Amino acid sequence: MLKAVTGRILSSLLVIVGSSALVFVIMYLLPGDPVASMIDVSNASPETIANLRHQLGIDRPFLLQLADYFGKLLRGDFGQSVLNSEPVLPKIAKHFPATLALAAASAAVSVVVGVLLGVLSAIHRNKPIDLIARIVGLLGISMPAFWTGILLLLIFSIRLGWFPAMGSHGWRTLVLPALTLGLIGAGFIVRMVRNSMLEVIGDAFVVTLRAKGLSERAVMYRHALRNALIPAVTMIGVLAGEMLAGTVVIETVFSRQGIGRIIADAIMAKDLPVVQGVILFSSLVYVVVNLLVDLSYAVIDPRVRRSA
Amino acid sequence: MYSTQRSFKWTSALLAVSLALTLALAACGNNNNNGGGQAAAGDASPSAASPSASQADGSPSAAAQGGELTYALATSPDTLDPQRSGLAVAVRVIRTIYDNLVVKLPDNTIKPWLATEWTESEDGLSYTFKLRQDVKFQDGTPFNAEAVKYNYDRILDPNTKAANASALLKPYKSAEVIDEYTVKLNLETPSRAFLGNLSQALLGIVSPTAAKKYGDQFGKNPVGTGPFKFVKWEENAEITVERNPDYNWGPEIVDNKGAPYLDRLTFKIAPEEATRIGSVQSGQVLAAETVPPQNIVSLKSNPDFQVLQANTIGLPYTLFINQDRAPWGETKARQALQYGIDVGAIVKTLYLGTYDQAWSALSPGVLGYDASLENAIKPDIDKANALLDEIGWKKGADGIREKDGKKLTLRYVDGTPNREKRNDIAAIIQQQLKKIGIDTEVVITKDILTEVFTNANFDIYGNSQVNGDPNALSAFYHTAPKGVLGNIAHVSDPELDEWLEQGALEKDDAKRAELYKKVQQRIKDEAVIIPIYVFPYTVAASKSVQGLKFDLLGYPLFNDVSLAK
């Protein structure tokens, strides 16, 4: 067990280093120049531009920049924004709680709605509840978040005035964004849980359990659901990535603070240190969540515990 | 099998119904702003109006005291250090915190602000300013000659990274403190634009104490002498400033020279159009900037709201034609574009009558703007075709013109994101030019610096500049603009150069205006550019917001704003 966990942690580290190197290369290759977002180019002299590039260190050879980046990173220096000299790490630390709140609330919506509807629809196959579950699944997967977001905003904030249209303080600001983002996850989970539930219900052991005279409730919720949840839990790990990516759009639509907004702005301005910092941080979060998911198998499934 | 099929039908029926319902609900969400839509999140809190008629002297009649104005911005400022910023959105906030030495009025006259009077030396190489003696920065630091010197020297210091501000401050050389409230500014060369530029927000006066204390983080901890004091900045969410009770030195452009009527002013950052404008409609904010054309039309017809508009001045959005690339070095080829592109139709289609068409290299309101150029060019496809025929470009079988086996192509470069629908302009022009046999390749890129300014790999590129002085033309139309990259069209005309140089030095405003009129006429006659539109800064606001004004450049002024009960 311990060996497996250390192995996982080591490979996770590799993922983090690899992804930040990859982002560095992509950002380097992308057209555009941070200088152009800092000054009015038509009003600047070539020397001014050269000086700025030099100050930012982007006139150096690529490998030197890359080495410098990792060198600083090892010393815990994430650098500072090229636009306003703000240090990157405190910037992320300041904005991450809002993103975390959004992601957690959305994940809660996804899991509660997804698992509940998934189980019910499998048990009551082809009944109205199954129909509703399948619509939720379809809509969640197929509707783009910015569209759902604006729609919910128009109805529940601007028309009905139930929730504020912008802001990131208090639970009321969280409702619409979490619903928007949570619906996507719910769509995936509903389908996943429904399918695996249906599969498990058809398994021989369920027949055995029923033959033993267990109540239908016990068969479904104590035994079948537990088996059906394993693929769904895997899904949650994948969803963590979806949630982080989704915040980029959602935070913009609902004018929320968060690291999604930061990275969107930073990419537009080619503010490399900020982009790097957020990516590194996000991949760290992603890796940790997936590590936790892997470890949770052991809790859910005794076979995993024994084999490891 | 039967059951799956049936449930499938059920699914699609239910889906259709629910979709229709949501759409219907959303569609009728436009009017009826008073019913049900409570001011959510307590945004419009009436925060106990302080009725004390304290500093009532000089303030006009009965503007209501107190209250908080919430004002939604479309993008986030980069920094609130005026000398480091480059974004118009930052200037909207910066204007509330800082003052300048002088102010420029809409009639282009320059009036006192933090300076009470000034004299220019005979040779035009120095200005001596007498300063107000009753001004304090919001942190208590006294405002004096030493502070002015510190500010302008700070802009020149490369470590400040004040690229935009230092371009405006040119040709400033040094400052001498004559006495506590007298400062002499020395210039490298005489400049007519210099005094006017001192009125621009990017040359606002910052507190030397705070600037030294915070160093490169000053932009997050701004301190000036302005009507509002900085309170807090929650990045990507809001910036709050509050009334500076000591303020008593408002410029001539505002009525209220004393402290503002508002207690607080909160800028909310809302990038999504629907959120921003919807928040005004539902009363969650009192005002929002940058209103899309379709909303301008509908808000104007609603009695609960007002749309305020101020045209920005300087260089309008203009397409520059690169004369270094054949055949665009030939006047007739450029004139063909002038007649072949129907600018009026483009502006009407994209902005629904809410933007004004531009006719000249300058926008209305700048000293020397030549109004006689308005409507001087009428789109004329036959004329455009004839001009191209004349210089030997004949239409081929595919409708595209050719000469010596070469197709007539035009590389139209534009930047991303699609600011003010500029990418759409490119797409329409592509269609229009097809009619006169030009094959237009539209290239949308993030890397304008390399594509346009370094490699000049383009035939058309559009640009604009907010600027209060006609000398702005020098950067774009002088053969060798002084050390800047501005001459996008690669135009080289000795007479233009001469007029621009004279204009930069001429002391008599009337003569100066004449020189710039000649410049604008030549630019039009030689078809150097295609002017497209004048950008209006637009604000949607509740009717309760009164007294919102704009300065010469189109930036909002909050000194006179009050909230009606």
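Presented here is a report on the structure given in the accompanying data block. (Residues numbered from 1 in each chain as written. Chains lettered and ligands numbered in written order. Predicted model: local features only at pLDDT ≥ 70, side-chain atom pairs only at ≥ 80, totals over all residues. Heavy atoms only, no water.)

Re the overall build of chain B
Secondary structure assignment for chain B yields 16 helices and 26 strands. Here chain B holds 565 residues, and the buried ones make up 57% of them. Considering only contacts in chain B between residues 6 or more positions apart, those separated by 24 or more positions represent 69%. Surface summary for chain B: the accessible area is close to 22200 Å², and the carbon and sulfur share equals 52%. (Helix = DSSP H or I, 4+ residues; strand = E, 2+ residues; numbered from the N terminus. Buried < 20%, exposed > 50% of the residue type's maximum accessible area, 1.4 Å probe, protein only. Contact = heavy atoms within 4.5 Å. Areas by Shrake-Rupley, 256 points an atom, 1.4 Å probe, with all protein chains shown as cover.)

Let's talk about the sheet that holds strand β4 (residues 115-120) of chain B
All names here are of chain B. Sheet architecture is open: four strands sit in the order β4-β5-β7-β6, paired in antiparallel fashion. Each edge of the open sheet carries a strand with a single partner, namely β4 and β6 (172-179). For this sheet, the mean inter-axis angle between neighbouring strands, taken without regard to orientation, is 20°. As judged from the six bridges shared by β6 and strand β7 (residues 182-187), these two strands associate in the antiparallel manner. Within the sheet, the bridge partner assigned to V177 lies in β7 and is V183. Sitting on the sheet, helix α3 (residues 145-156) touches β5 (126-131), β6 and β7, and the angle it makes with β6 is about 165°. (Pairing = 2+ DSSP bridges. Axes fitted to C-alpha atoms, helices over the stretch in contact; angles between N-to-C directions.)

Comments concerning unusual backbone geometry
Note that the residue after K170 of chain B, namely P171 of chain B, is joined by a cis bond; omega there is 0°. Relative to the assigned elements, P171 of chain B resides in the loop between α4 (163-169) and β6. For the bond running from A326 of chain B to P327 of chain B, omega is -5°, close enough to zero to count as cis. Within the secondary structure, P327 of chain B is located in the loop between β13 (314-321) and α9 (331-340). Phi is positive for N126 of chain A, which is not a glycine, with a value near 65°. Looking at where N126 of chain A falls in the secondary structure, it is placed in the loop between α5 (88-123) and α6 (128-142). Assessed through its relative accessible area of 33%, N126 of chain A is described here as partly exposed.

Here we look at the pattern of salt bridges
A full pass over the atoms with the stated rule returns 37 salt bridges over all chains. Between R411 of chain B and E451 of chain B there is a salt bridge whose closest N-O contact spans 2.2 Å. Taken together, the residues R411 of chain B in strand β18 (residues 409-415) and E451 of chain B in helix α13 (residues 448-454) connect sequence positions 40 residues apart. In this structure R411 of chain B comes out as buried when scored by relative accessible area, which is 14%. Connected through shared salt-bridge partners, E86, K91 and K94 of chain A together with K220 and E235 of chain B make up one network. (Salt bridge = Lys/Arg side-chain N within 4 Å of Asp/Glu carboxyl O.)

Section: the environment of I201 of chain A
Residues and elements named next belong to chain A. Its location among the elements puts I201 in helix α8 (residues 172-201). Classification of I201 by relative accessible area gives buried; the value is 18%. Once the C-alpha coordinates of I201 and A228 are considered, the two residues, 27 residues apart in sequence, prove to be 9.1 Å apart. Every residue in contact with I201, bar those within four places of it in the chain, is listed here: A122, V206, R210 and M220.

Side note on the sheet that holds strand β20 (residues 460-466) of chain B
Residues and elements named next belong to chain B. Within the open sheet, the six strands sit side by side as β14-β21-β13-β20-β18-β19. Their pairing is mixed. Of all strands in the sheet, those bounded by a partner on one side alone are β14 (356-357) and β19 (439-445). Summarising the sheet, β13 and β20 pair through six bridges and their orientation is antiparallel. Counted as the bridge partner of T318 is N463 from β20. Here helix α12 (residues 422-434) sits on the sheet in contact with β13, β18, β19, β20 and β21 (529-534), set at roughly 170° to β18.

Considerations on the nonpolar core
Residue and element names in this part refer to chain B. Residues Y71, L101, F129, L198 and Y477 are the most contacted members of the largest nonpolar core, which totals 124 residues. It is helix α2 (residues 88-97) that contributes the most residues to this core, six residues altogether. Among the nonpolar cores identified, the runner-up in size contains 35 residues, and L387, A426, I532 and F535 belong to it. (Core = buried A, V, L, I, M, F, W, Y, C linked by side-chain atoms within 4.5 Å.)

Observations regarding α6 of chain A
Over its 15 residues, α6 of chain A extends 21 Å from the first C-alpha to the last, a length consistent with the 21 Å expected when each residue adds 1.5 Å. Residues of α6 of chain A that are buried: D130, L131, A133, I135, V136, G137, L139 and G140 of chain A. (Expected span 1.5 Å × (residues − 1).)

Digging into the pairing of strand β1 (residues 68-73) of chain B
Residue and element names in this part refer to chain B. Among the six residues of β1, six are classified as buried, and the element is accordingly described as predominantly covered. When β1 meets strand β10 (residues 264-269), the two strands line up parallel, connected through six bridges. Paired with L69 across the two strands is L265, which belongs to β10. Here two bridges tie β1 to strand β11 (residues 287-289), and the two strands are oriented parallel to one another.

Notes on the interface of chain B and chain A
Contacts between chain B and chain A engage 61 residues on the former and 60 residues on the latter. With both chains or domains summed, chain B and chain A bury close to 5200 Å², and 58% of this area falls on carbon and sulfur atoms. Of all residues in chain B, E235, N236 and L449 of chain B give up the largest surface area on contact with chain A, accounting jointly for 12% of the area buried on that side. Across the chain B-chain A interface, the total number found is two salt bridges. Notably, a salt bridge pairs K220 of chain B with E86 of chain A, separated by 3.6 Å at the nearest N-O pair. Here the side of chain B that touches chain A takes eleven residues from helix α1 (residues 2-27) of chain B, the largest share from any one element. (Buried area = accessible area lost by both parts, 1.4 Å probe.)

Side note on a nonpolar patch on the surface
All names here are of chain A. A contiguous nonpolar surface patch, about 340 Å² in accessible area, is contributed by L22, I26, L30 and I267. Summarising the element assignment, L22 is placed in helix α1 (residues 2-29). Here L22 falls in the exposed class, since its relative accessible area comes to 53%. (Patch = residues over 30% accessible without salt bridge, like charges linked within 9 Å, V, L, I, M, F, W, Y side chains within 5 Å.)

Looking at the packing of aromatic side chains
Scanning all chains against the criterion turns up 25 aromatic pairs over all chains. Ring centres 5.8 Å apart and planes at 50° place the aromatic pair F24 of chain A and F62 of chain A in the tilted group. Placement of F24 of chain A in helix α1 and of F62 of chain A in helix α4 (residues 62-74) is noted, with a sequence separation of 38 residues between them. Accessibility expressed as a relative area gives 3% for F24 of chain A, which makes it buried. For F62 of chain A, a relative accessible area of 21% translates into the label partly exposed. It is K212 of chain B that lies over the ring of Y150 of chain B; its NZ or CZ is 5.0 Å from the centre. When the ring centre of W233 of chain B is taken as reference, the NZ or CZ atom of K220 of chain B above it lies at 4.2 Å. (Phe/Tyr/Trp six-rings, centres within 6.5 Å; stacked < 30°, edge-to-face > 60°. Lys NZ or Arg CZ within 6 Å of the ring centre and 35° of its normal.)

Here we look at the packing of α5 of chain A against helix α10 (residues 216-253) of chain A
Residues and elements named next belong to chain A. Contact geometry of α5 with α10 gives a least axis separation of 8 Å together with a crossing angle of 145°. Between α5 and α10 lies a crossing of right-handed hand. Where α5 abuts α10, its residues T99, L102, A103, S106, A107, S110, V111, V115, V119, L120 and I123 lie against M220, Y221, L225, L229, I236, M243, L244, T247, I250 and E251. Tallied by class, the residues present in the contact of α5 with α10 amount to 16 nonpolar, four polar and one charged. (Left-handed = near helix turned anticlockwise from the far one by under 90°. Nonpolar A, V, L, I, M, F, W, Y, C, P; charged D, E, K, R; others polar.)

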